[in-house]
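Chain by chain, the residues run as shown.
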Amino acid sequence: MTRRSRRAYLAAVVGAAVGSAGCVVGGDDESASPSPTGSASPTAAPSRLVLEAADAADAAAEAPLTVYPNALQHWLRRAASTDETVRGHADSGVHTPEPVVPQFETVRLASAGGSVDGTYDLSAEGGTRYELLVGADPADPPAGTTVTPVESLPERRREFARSAISAERATVYPETALGEWVRHELFGGYFEHDGETYRGTEVQQTDAAFFSTEAWYVLSLSPGTAEDPVVLRFPDPGAAATDAIDAALSGIDDGTRRTTYDGGLSDAIVQFASETTYLLTHDRVWGVSLE
């Protein structure tokens, strides 16, 4: 089914659902007439909400993406309304999540509320959240490589670098300001301490990332003028649709390509589905349909 025919179908479903709610059938009502023999049967009411995993780039090029997690909506609004870098983390419901948002370079916030609707250049990082274990090994840097004296670092970074060099347990979460410095500068960088040169490394931990279901983000937005931004919608699904989506997404894993909610569809759920082509969650984009 094409997107155009899908939308027409959903519009018919919504119309049928709403119309039937106020329809009274009476045996003596002359205005009620039987359907002619051989005429098409009324459209069957849907009984299932369906979410199917979609390619993020293809989906974003086709239709607006409805931002679903409340936390992600909040962070994007905050990044659009301030000059600050927004740092956050949330449970994704799947192991080793890889957030979708960092794939986008320019976005247009639609129905986000207040004065934040508009087009923005997006700077975003994200990944699976777990505590990074940081170390430093003696190293012989290539000629021309910058070697930073540990004593020249700001206090918090200096203390952290010393702990890593001395093989103390130096850990940090990736979305924090310190974690951002560790990821971008300490890892792979060369540092001098007490006459020795060291290179920062991440100490590998068995299954540390595998068992994590949390996603982390570092976001900032600045006014942009791109002609083809990814459009992000911010509607409120309402309690019924939220419960249905949460039920469909519960228990999935990173290999799930299709999931459904079969618990009965209220008018509110049908209405939300009819207005939503794609749903953006922490770790993927889902096509939304009814059956």
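Above this note sits the structure.
Attention here is on the structure that accompanies the text. Since the model is a prediction, treat every value here as computed from it, not as a measurement. (Residues numbered from 1 in each chain as written. Predicted model: local features only at pLDDT ≥ 70, side-chain atom pairs only at ≥ 80, totals over all residues. Heavy atoms only, no water.)

## Thoughts on the overall build of the protein chain
- For the protein chain, the helix and strand inventory stands at seven helices and 15 strands.
- Relative to its 291 residues, the protein chain shows a buried fraction of 42%.
- Pairs at least 24 residues apart make up 81% of the contacts formed inside the protein chain by residues separated by at least 6 positions.
- In the form shown here, the protein chain has an accessible surface area of approximately 15400 Å², with 48% of it arising from carbon and sulfur atoms. (Helix = DSSP H or I, 4+ residues; strand = E, 2+ residues; numbered from the N terminus. Buried < 20%, exposed > 50% of the residue type's maximum accessible area, 1.4 Å probe, protein only. Contact = heavy atoms within 4.5 Å. Areas by Shrake-Rupley, 256 points an atom, 1.4 Å probe, with all protein chains shown as cover.)

## Brief notes about the pairing of strand 3 (residues 86-91)
- Because side chains alternate across strand 3, one face comprises the buried residues V86, G88 and A90, and the other comprises R87, H89 and D91, none of which is buried.
- The pairing of strand 3 with strand 11 (residues 214-223) spans six bridges and is antiparallel. Counted as the bridge partner of A90 is A215 from strand 11. (Pairing = 2+ DSSP bridges.)

## A word on the sheet that holds strand 15 (residues 285-290)
- Taken in spatial order, the 10 strands line up as 3-11-5-4-12-2-14-15-1-13 in an open sheet, and their pairing is mixed. Across the chains shown, the open sheet's two edge strands, defined by having one partner strand only, are strand 3 and strand 13 (258-261). Strand-to-strand twist in this sheet, taken as the mean axis angle between neighbours without regard to direction, amounts to 35°.
- Relative to strand 13, strand 1 (residues 49-54) is paired through four bridges, and the arrangement is antiparallel. Looking across to strand 13, one finds that E52 is bridged to R258. (Axes fitted to C-alpha atoms, helices over the stretch in contact; angles between N-to-C directions.)

## Considerations on the sheet that holds strand 10 (residues 196-202)
- The sheet built from five strands is open, its strands ordered 7-9-10-6-8 with mixed pairing. In the strand order of this sheet, the two ends are held by strand 7 (147-149) and strand 8 (170-172), each with one partner. Shown here is a sheet whose adjacent strand axes are inclined to one another by a mean of 40°, direction ignored.
- Note that strand 6 (residues 132-138) and strand 8 share three bridges and pair antiparallel. Pairing of V134 across the sheet is with A170, part of strand 8.

## As for the nonpolar core
- Grouped together as the largest cluster of nonpolar side chains are 32 residues, with contacts concentrated most on L65, V107, L109, L232 and L280.
- Considering every element that reaches this core, the biggest residue donor is helix 3 (residues 70-81), with five residues.
- Apart from residues no more than four positions distant in its own chain, L280 is found in contact with L65, T66, V67, Y68, P69, L72, V100, V101, L232 and V285.
- Counting residues in each nonpolar core, the second largest holds 21 residues, with Y68, F272, V288 and L290 among its members. (Core = buried A, V, L, I, M, F, W, Y, C linked by side-chain atoms within 4.5 Å.)

## Observations regarding the packing of aromatic side chains
- Taken as a whole and judged by the stated rule, the model has three aromatic pairs.
- Ring geometry for W181 against F191: centres 6.2 Å apart, planes inclined by 70°, an arrangement best described as edge-to-face. With W181 in helix 5 (residues 177-186) and F191 in strand 9 (residues 190-193), the pair connects residues that are 10 residues apart, well separated along the chain.
- Exposure remark for W181: the relative accessible area of 2% places this residue in the buried category.
- Under the relative-accessibility criterion, F191 is labelled buried at 7%. (Phe/Tyr/Trp six-rings, centres within 6.5 Å; stacked < 30°, edge-to-face > 60°.)

## Quick word on the pattern of salt bridges
- Counting across every chain of the model gives 11 salt bridges.
- Residue E180 pairs with R87 through a salt bridge whose shortest N-O separation is 2.8 Å. Residue E180 is located in helix 5, and its partner R87 is located in strand 3; the two are separated by 93 residues in the primary sequence.
- A residue is classified by how much of its surface remains accessible, and R87, at 31% relative accessible area, is partly exposed.
- R258 serves as the salt-bridge partner of E291, at 2.9 Å between the closest nitrogen and oxygen. Of the two residues, E291 is situated in the segment after strand 15 and R258 in strand 13; the sequence distance between them amounts to 33 residues.
- Residue classification places R258 among the partly exposed positions, given a relative accessible area of 40%. (Salt bridge = Lys/Arg side-chain N within 4 Å of Asp/Glu carboxyl O.)

## What to know about helix 7 (residues 267-274)
- When we look at burial in helix 7, the residues that qualify are I269, V270, F272 and A273. In a view along the axis of helix 7, the buried residues occupy a sector of 165°, so they form one face of it. (Arc of directions from axis to C-beta.)

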